[in-house]
Amino acid sequence: MTDMIEVRGLEKSFGDHHVLRGVDFAAESGTVTVLLGPSGSGKTTILRSMNVLETPDAGVVRIGDASVDFTAKPDRRAIAALRSRSGMVFQAHNLFPHKTVLGNLVEGPVQVQKRPVDEAAADARTLLAQVGLAGREGSYPSQLSGGQQQRVGIARALALRPEVLLLDEPTSALDPELVGEVLAVIRDLAAENWTLVIVTHEVRFARDVADQVLFLDEGVVVERGGAEVLTDPREERTKRFLSRVLDAG
Amino acid sequence: MQVSPRPTVLLAVLGVLGAVLATGGPATAGEDAAPQVVRVGTEGVYPPFTYRDPDTNELTGFDVEVMRAIGKEAGWDLRFVEAPFDSLFPALDSRRIDVIANQVTINPERTARYLFSTPYTYSHGVIVTAKDTDDITSLADLKGRTTAQTASSNWAQVAKDAGAKVQYVQDFGPGVQLVEQGRVDAIVNDNIAVLDYLATSGNDRVKIAGDAGDEVLEQALAFRQSDPQLQQEADAAIKTLTDDGTLATISEKYFGADVTVPGGATDVDIGASDSRTTWEVVKDTAWPMFVGLVKGNIPLTICSFVIGMVLAVAAALARLSSIRVLDRIARAYISIIRGTPLVVQLFIVFFGLPAIGIDLDPYPAAIVALSLNVGGYAAEVVRASILSVPRGQYEAATVIGMDYWQSMRRIVLPQAARIAVPPLGNTLLSLIKDTALASLVLVPELFREAQVTAAATTEYLPLYTMAALYFWVVCYLVSLAQGPLERRLSRYAT
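Calculation notes
Residues numbered from 1 in each chain as written. Chains lettered and ligands numbered in written order. Predicted model: local features only at pLDDT ≥ 70, side-chain atom pairs only at ≥ 80, totals over all residues. Helix = DSSP H or I, 4+ residues; strand = E, 2+ residues; numbered from the N terminus. Buried ≥ 20, exposed ≤ 12 C-beta atoms within 10 Å, placed from the backbone. Contact = placed C-beta atoms within 7 Å. Pairing = 2+ DSSP bridges. Core = buried A, V, L, I, M, F, W, Y, C linked by C-beta atoms within 7 Å. Axes fitted to C-alpha atoms, helices over the stretch in contact; angles between N-to-C directions. Arc of directions from axis to C-beta. Parallel < 35°, antiparallel > 145°, perpendicular 65-115°, else oblique. Left-handed = near helix turned anticlockwise from the far one by under 90°. Nonpolar A, V, L, I, M, F, W, Y, C, P; charged D, E, K, R; others polar. pLDDT = per-residue confidence, 0-100.

Okay, the overall build of chain B next. A count of helices and strands for chain B gives 17 helices and 12 strands. In chain B, which comprises 494 residues, the proportion classed as buried is 46%.

The following block contains the structure:
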């Protein structure tokens, strides 16, 4: 089986700060990859490189049959093709405040993918039911709780029918009592064999869903493996990080 | 946020601008067609020479009738263009008019630049003072005093030569106001014009205090030096009309004397021409002013605001662009617009640009100048509003696959609009009021109508108050609409 995602030799600097120093990983279709590491380790930059919100200095990103080599200056069409293979869930949800929940969900399918409005709206209603928000189509984001907003954010990403879903600390900005409802939705997606790449600090959640764990520090993958990385890490740095996070949690 | 507009987008914006400019293509004078179209510049606010008949609102007066007779004799198709006196010579230079019929006095400076017909009026200067001024009776007494003159009038030079300080006014009427109010000491002007004013207005608060020298002045039609053929045709017509008594008849009608020959203007007899009450004047002028508002100010406002907003968004995006040269251009544009008076911008567009081959009609010229002005002022408002939209919105639009222009149009600008509406409302109100300046570039509008009637009737306070009222009502209605619009744009925010 060929991998759904392939990342090779990813390099990125912000000025003098060398954020990614040659990151490689691959993920099979239907698997959950968790990116873990202290802040500044580069995990969010990896995610944002996969849909070119950041342009890497070097390296290759492939999702499905769309591939971009950043060593040369990539052309716009290749970037657009790569972006269309993934959906993104932001830490701060970034819903469009001037559009209703339904408007947020159909914006991409109708405006970008040129799908008929009726079809996109029907899809959107199904997705809203799936994230437990049936009947909230007409609400504006400001009328929802933080957890509901993030679930709309997930539905919006899914509405584009991507092959991969990228989730950037989807619960970090939420009040603790709202974290569970969002994690439950992500757990469902994992169970439905979506290919997910998640940046998260929710170690217990990650243990449950992760097929692959990458522990990053200072722009390199320090340790990688299955969920056992989270229970029985080999590397000292991984151990220190996990004990700190688990103590805090 | 640093976002770079794609070149195609900017080209599109430039294209819109180009289309706007193109609609104002040069007016064709129809040189080869018969009869020849001759555009006549005249003030329309200088009775009895050139003014609107208070009853019919038709352009009339001694100069206008003489011009019509000459045009008929010469076989010209006349088109009258009304403009303030100081705009007439620039309009002649920039080929917007072909001849000035406005009591233009022949002097050496003008002879050096323009062609003059045979004179059709002979007059001499008089000094006008307030009734109780008794220390000014001759030009010698003007030394060190202040007079009110129109800038390009011959009398301004006469007053200066006499050692007077000259304060410039737009028309004779406002100058009289200044004399009455004691803000200036005197006016030097044509005896015929002054006598007519005194008779028409019944104003006994000013008087003719004495003659301004012995010199007899000759008034004639002014042409461009490149149009000797028009001058020759006019001269031939004037000779015929003098010989057959037509000019004398017109002169008798207006002055009870023949001012079209030398020595005929010493004793003119001018009858009062307007006996309406203040209320009747206001009532009769209300409708022409309303027409000026509907045909002039309002369409000017709408066109200029729409185009100005396009320019403002383009300039704001250029300012936010990562392409440095676009940022520089936008900065320069905004700085120039905000750092120069609107009236100067109007004059550059209308009177200046023809020198480099860009010859716009009055209406397009006013729209171009007002649009550029609005664009420059609104650009910074739009830029600040765009910056107030969180960067995450742009990123969210990007990851659902939108390109730069889609994300601007569908995601960023609608949110920016909500922030921008209150300050842009102020820009719109300013624009509405600024359209009153359009009459300076020959666009008929509300305030121009007020000025025309005020010049003929001297009812300054009621007419200008009514003009103010019209503007205030329009601005008030616009500000009423602003509230619902803000609520509509904010309906999603809690």
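Once that is clear, we can look at the overall build of chain A. Of regular secondary structure, chain A possesses nine helices and 10 strands. In chain A, which comprises 249 residues, the share counted as buried stands at 47%. For chain A, contacts bridging at least 24 residues in sequence account for 62% of all contacts bridging at least 6.

This brings us to the sheet that holds strand 4 (residues 59–60) of chain B. Sheet strands pair by backbone hydrogen bonding; their relative direction is either parallel or antiparallel. The strand order across the open sheet formed by three strands is 2-3-4 (chain B), and the pairing between neighbours is antiparallel. Here the strands that pair on one side only, and so sit at the sheet edges, are strand 2 (45–46) and strand 4 of chain B.

For the rest of this paragraph, the subject is the nonpolar core. Judged by nonpolar contacts, the single largest core of 207 residues is most densely connected at Leu 35 of chain A together with Val 99, Ala 222, Ala 366 and Val 382 of chain B. If near-sequence neighbours (up to four positions away) are discounted, Ala 222 of chain B is found in contact with Leu 92, Val 99, Ile 100, Val 104, Arg 110, Tyr 114 and Phe 116 of chain B.

Moving on, we come to the pairing of strand 3 (residues 32–36) of chain A. All names here are of chain A. Within strand 3, five of the five residues are buried, leaving the element largely enclosed by the surrounding structure. The alternating pattern of strand 3 places Val 32, Val 34 and Leu 36 and Thr 33 and Leu 35 on opposite faces, both of which are buried. Note: strand 3 against strand 8 (residues 195–199), four bridges, orientation parallel. By the bridge assignment for strand 8, Thr 33 is matched with Val 197.

Turning our eyes to something else, we now look at the interface of chain A and chain B. Taken residue by residue, the interface counts 20 residues in chain A and 17 residues in chain B. Elements with a contribution of two residues or more to the side of chain A that touches chain B: helix 2 (76–84) and helix 3 (101–112) of chain A.

Looking now at the sheet that holds strand 4 (residues 58–63) of chain A. All names here are of chain A. Strand order in the open sheet formed by four strands is 2-1-4-5, and the pairing between neighbours is antiparallel. The outermost strands of the open sheet, each flanked by one partner alone, are strand 2 (17–28) and strand 5 (66–69). Recorded for the sheet is a direction-independent mean angle of 10° between the axes of neighbouring strands. The sheet contact formed by strand 1 (residues 3–14) and strand 2 spans nine bridges and is antiparallel. From the neighbouring strand, Ile 5 faces strand 2, where its bridge partner is Ala 27.

With that out of the way, let us pick up helix 5 (residues 154–161) of chain B. Residue and element names in this part refer to chain B. Every buried residue of helix 5 is listed here: Asn 154, Trp 155, Val 158 and Ala 159. One side of helix 5 carries all its buried residues, which in axial view fall inside an arc of 135°. Residues of helix 5 that are buried sit in contact with strand 6 (99–105), strand 8 (121–130), strand 9 (146–150), strand 10 (165–169), strand 11 (186–190) and strand 12 (206–224). Downstream of helix 5 by one or two residues, Gly 163 has phi in the positive range, about 90°.

All names here are of chain B. Within the element layout of this structure, Val 452 appears in helix 16 (residues 446–457). Measuring from C-alpha to C-alpha, the distance between Val 452 and Thr 285 comes to 9.7 Å, with 167 residues separating the pair along the chain. With residues near it in sequence (within four places) discarded, Val 452 still touches Gly 44, Val 45 and Arg 52.

Residue and element names in this part refer to chain B. Where helix 2 (residues 62–74) meets helix 9 (residues 246–255), the axes come as close as 10 Å, and the angle between the chain directions of the two elements is 160°. For the element pair helix 2 / helix 9, the angle class is roughly antiparallel. Both helix 2 and helix 9 take part in a crossing whose hand is right-handed. Two secondary-structure elements touch here, helix 2 through Phe 62, Glu 65, Val 66 and Ala 69 and helix 9 through Thr 246, Leu 247, Ile 250, Ser 251 and Tyr 254.

The next thing to look at is the packing of helix 10 (residues 278–320) of chain B against helix 17 (residues 460–489) of chain B. The angle between the axes and the distance between the axes are what describe a pair of packed helices. All names here are of chain B. At a minimum axis separation of 10 Å, helix 10 and helix 17 run at an interaxial angle of 35°. Where helix 10 crosses over helix 17, the handedness of that crossing is right-handed. In contact with Thr 278, Val 282, Thr 285, Ala 286, Met 289 and Leu 293 of helix 10, helix 17 contributes Pro 462, Leu 463, Met 466, Ala 467 and Tyr 470. Residues of the contact of helix 10 with helix 17, tallied by class, amount to nine nonpolar, two polar and no charged.

Here we take up the environment of Thr 2 of chain A. Residue and element names in this part refer to chain A. Checked against the element boundaries, Thr 2 lands in the segment before strand 1. Thr 2 gets classed as exposed once you count the C-beta atoms within 10 Å, which come to 10. Measuring from C-alpha to C-alpha, the distance between Thr 2 and Ser 29 comes to 8.3 Å, with 27 residues separating the pair along the chain.

Okay, the pairing of strand 5 of chain A next. Relative to strand 5 of chain A, strand 4 of chain A runs antiparallel, the two being bridged by four bridges. Counterpart to Val 61 of chain A in the pairing with strand 5 of chain A is Val 68 of chain A.

Taken together, the buried positions of helix 6 (residues 172–180) of chain B are occupied by Phe 172, Gly 173, Gly 175, Val 176 and Val 179 of chain B. Seen along its axis, helix 6 of chain B keeps its buried residues to an arc of 160°; they face one direction.

Our next topic: unusual backbone geometry. Glycine aside, residues mostly have negative phi, and peptide bonds are mostly found in the trans state. Non-glycine residue His 93 of chain A carries a positive phi angle of around 55°. Positionally, His 93 of chain A belongs in the loop between strand 6 (86–89) and helix 3. At Gln 103 of chain B, a residue that is not glycine, the phi angle is positive and equals roughly 50°. With respect to the element layout, Gln 103 of chain B can be found in strand 6.

Of all residues in chain B, 90% have pLDDT values of 70 or greater, and the mean over the chain is 85. Low pLDDT, under 50, characterises residues 1–32 of chain B; the stretch is placed with 35 contacts to residues that sit more than four places away or in other chains.

A separate point is the environment of Val 216 of chain B. Residue and element names in this part refer to chain B. Its location among the elements puts Val 216 in strand 12. Along the backbone, Val 216 and Gly 125 are 91 residues apart, and their C-alpha atoms lie at a distance of 7.9 Å. Leaving out residues up to four positions away in the same chain, Val 216 has contacts with Tyr 122, His 124 and Pro 262.

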